[in-house]
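# Structure assessment
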Amino acid sequence: MDYKLQVVGVQPHLQMGSLHDQPIHEFDDHALFPLETDGQKTQSLNVVELSTTFAVGGSKILKNGLYRSIKTVVFSNKLNLLMPFGPLAILVHKFTGHNGWVFFLCLLGITPLAERLGYATEQLAFYTGPTVGGLLNATFGNATELIISIYALKNGMTRVVQLSLLGSILSNMLLVLGCAFLCGGLVFHGKEQVFDKATAVVNAGLLLMAVMGLLFPAVLHYTRTEVHFGKSELALSRFSSCIMLVAYVTYLVFQLKRQRDIYVHINEEVSENGENVDNDDNNDEAPEISKWESVIWLAIMTAWISILSEYLVDAIEGASDAYDIPIAFISVILLPIVGNAAEHASAIMFAMKDKLDISLGVAIGSSTQISMFGIPVSVVIGWMMGREMDLNFQLFETATLFITVIVVAFFLQEGTSNYFKGLMLILCYLIVAASFFVHEDPPSPDDSQPGT
């Protein structure tokens, strides 16, 4: 009995002893390795689950961001209901070839794209600062007119380029500004709205400088006082265009520095008085889309406008023949409607909110951009393309621009506006439109050149 107990008591010790006698690596191979493998499997499963979760979450974030961006840019404006007319114009061109329908469908399709292009430019300007933002507005603010001009120059239609740019200036100064004054005056009929007269005078001076740049080549041509007939006029136009571009860049720097000084002065007054800046104004100035979204949408809108502009330019002559409308009327009156739709709506909206300085900046500022930037750039681009694009807009067109600038400068000299001034500007635009409807544009030898 005691022996059995002793034997039984010894066996555990022997077994334990035999266990301790095993090599340490053998113990690790048989005991710890399986445990480590299970841990690695658990860890790898956790990594897979986390990566799957991040992938699903990332895709959801991407989808939500894409949906939000499309909703903000495409579905937030009722004017975008006209976007389907662009693809419809291409289909009509492919299957029917009716240039009249193609032209007007392209007009309708480009109108919302031009407005969204301006919107994307404004959103991108929030992230670039005032200097780069000013250059972006100068470049893309009238990108639709420039794109149409480039395709017209490519097809050798220099008169269409001249007339369409001239029409944009006339439309902004008379129709857009007139509607802004009229609507603002009707909303605030009990008082006269006030705007910054100094800024208006500077813009009027730039417009007069643009008139001077257009007037001298025309006078040189019609007085036949060129040193080298047919060459001096073109050389003067190219030189004047470079000077106008330098003047416009200097104007941008001046405006940006002046605005920065104004903001610094306002901030100093606010800090001295202990007042807080209105949060509502800050919220109004917050960007609605990110920087890269702005860049992507800017590229998409520019590409789509370029495609439709090619169809639009190709259909101009066919539309003129189909509807018996002079090309001068199409170029001066109808084409600017495309590029000025955004300016028209925003100028009226700000005038009805008693923010007339912004309305004036939209209307007169856009005219200044086209006259001091768009026209000279078109001359330089035509120079690079081998086209004889000059600043001789003919006597009728140059006289129309000169009289328009004088009339608008006269209305702006007091620094106030009312509905009567707006109505007068609109009536002046109707006179201009009727004049171009009965005006027969002289044939240009460059228009007969085939497109390259």
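- Per an unreviewed UniProt entry, the protein chain is named Vacuolar cation/proton exchanger, and its organism is Rubroshorea leprosula.
- Recorded in UniProt under Function (unreviewed entry), the annotation for the protein chain is "Vacuolar cation/proton exchanger (CAX). Translocates Ca(2+) and other metal ions into vacuoles using the proton gradient formed by H(+)-ATPase and H(+)-pyrophosphatase."

### Quick word on empty space enclosed by the protein
- Under the defined criterion, the tally for this structure stands at three cavities of 30 Å³ or more.
- Space inside the largest cavity adds up to approximately 60 Å³.
- Lining of the largest cavity is provided by T144, E145, I148, S164, L165, S168, L335, P336, V338 and G339.
- If you list the elements that add at least two residues to the lining of the largest cavity, you get α5 (143–154), α6 (158–187) and α12 (327–352).
- For the lining of the largest cavity, the element with the highest residue contribution is α12, accounting for four residues.

### Remarks on the packing of aromatic side chains
- Counted by the stated rule, this structure contains eight aromatic pairs.
- Each ring, one from F329 and one from F437, has its centre 5.1 Å from the other, and the planes form 85 degrees; the classification is edge-to-face. Here F329, found in helix α12, pairs with F437, found in helix α15 (residues 419–437); they are 108 residues apart in sequence, far enough to count as distant.
- You can call F329 buried: its relative accessible area is 16%.
- The class for F437 is partly exposed, based on a relative accessible area of 41%.
- Between F396 and F436, the aromatic rings sit 5.3 Å apart at their centres with planes inclined by 80 degrees, giving edge-to-face as the arrangement.

### Topic: the nonpolar core
- The biggest cluster of nonpolar side chains holds 103 residues, and the ones touching the most others in it are F103, L177, L401 and L412.
- Here this core gets 16 residues from one element, more than from any other, and that element is α6.

### Some points on the environment of I330
- For I330, the position within the fold is in helix α12.
- For the pair I330 and S164, spaced 166 residues apart in the sequence, the C-alpha separation amounts to 8.3 Å.
- If near-sequence neighbours (up to four positions away) are discounted, I330 is found in contact with F103, I316, A319, S320, I325, L335 and P336.

### What to know about the side chain of S417
- Looking at the element boundaries, S417 is found in strand β2 (residues 416–417).
- Look past the residues within four positions of S417 in its chain and what remains in contact with it is F181, E192, Q193, F195 and L356.

### Some thoughts on unusual backbone geometry
- The phi dihedral of D324 is positive, around 55 degrees, even though this residue is not glycine.
- Along the chain, D324 falls in the loop between α11 (316–323) and α12.
- Classification of D324 as exposed rests on a relative accessible area of 67%.
- Unlike most non-glycine residues, D354 shows phi in positive territory, near 60 degrees.
- Relative to the helices and strands, D354 is located in the loop between α12 and α13 (356–385).
- Here D354 falls in the partly exposed class, since its relative accessible area comes to 29%.

### Section: the packing of α5 against α13
- It is the contact of α5 with α13, at a shortest axis distance of 10 Å, that shows an interaxial angle of 30 degrees. Accordingly, the angle class assigned to the pair α5 and α13 is roughly parallel. Crossing of α5 against α13: the hand is right-handed. Residues E145, L146, S149, I150, L153 and K154 of α5 lie in contact with α13, whose contacting residues are I370, F373, G374, V377, S378, I381, G382 and M385.
- When grouped by side-chain class, the residues that make up the contact of α5 with α13 number eight nonpolar, four polar and two charged.

### Some points on a nonpolar patch on the surface
- Nonpolar side chains collect at one region of the surface, where L186, Y419, F420, L423, M424, L427 and L430 lie side by side and expose about 660 Å² of accessible area between them.
- When residues in the nonpolar patch are grouped by element, the largest group, six residues, is from α15.
- A residue is classified by how much of its surface remains accessible, and M424, at 31% relative accessible area, is partly exposed.

### So, α6
- In this model, α6 (30 residues) spans 42 Å end to end at C-alpha, consistent with the 44 Å of a helix rising 1.5 Å per residue.
- Maximum bend of α6: about 35 degrees, positioned at S171.
- Among the 30 residues of α6, 27 are classified as buried, and the element is accordingly described as predominantly covered.

### A closer look at the packing of helix α7 (residues 197–222) against α13
- The interhelical angle for the contact between α7 and α13, taken along N-to-C directions, is 30 degrees, at an axis separation of 10 Å. When the axes of α7 and α13 are compared, the pair comes out roughly parallel. Seen along the crossing, α7 lies across α13 with a hand that is left-handed. Residue-level inspection shows A200, N203, L206, L207, M209, A210 and L214 of α7 in contact with α13, the latter providing L360, I364, G365, S367, T368, S371, M372 and I375.

Definitions and cut-offs
- Residues numbered from 1 in each chain as written.
- Predicted model: local features only at pLDDT ≥ 70, side-chain atom pairs only at ≥ 80, totals over all residues.
- Heavy atoms only, no water.
- UniProt positions renumbered as here; feature names shortened; annotations may be inferred.
- 1 Å grid on protein atoms, 1.4 Å probe; cavity = no way out; pocket = protein on both sides within 12 Å on 5 of 7 lines; lining within 4 Å.
- Points joined across faces, edges and corners; volume = space filled by probe spheres on them.
- Helix = DSSP H or I, 4+ residues; strand = E, 2+ residues; numbered from the N terminus.
- Phe/Tyr/Trp six-rings, centres within 6.5 Å; stacked < 30°, edge-to-face > 60°.
- Buried < 20%, exposed > 50% of the residue type's maximum accessible area, 1.4 Å probe, protein only.
- Core = buried A, V, L, I, M, F, W, Y, C linked by side-chain atoms within 4.5 Å.
- Contact = heavy atoms within 4.5 Å.
- Axes fitted to C-alpha atoms, helices over the stretch in contact; angles between N-to-C directions.
- Parallel < 35°, antiparallel > 145°, perpendicular 65-115°, else oblique.
- Left-handed = near helix turned anticlockwise from the far one by under 90°.
- Nonpolar A, V, L, I, M, F, W, Y, C, P; charged D, E, K, R; others polar.
- Patch = residues over 30% accessible without salt bridge, like charges linked within 9 Å, V, L, I, M, F, W, Y side chains within 5 Å.
- Areas by Shrake-Rupley, 256 points an atom, 1.4 Å probe, with all protein chains shown as cover.
- Salt bridge = Lys/Arg side-chain N within 4 Å of Asp/Glu carboxyl O.
- Expected span 1.5 Å × (residues − 1).
- Bend = angle between axes of the 7 residues up to and from the residue.

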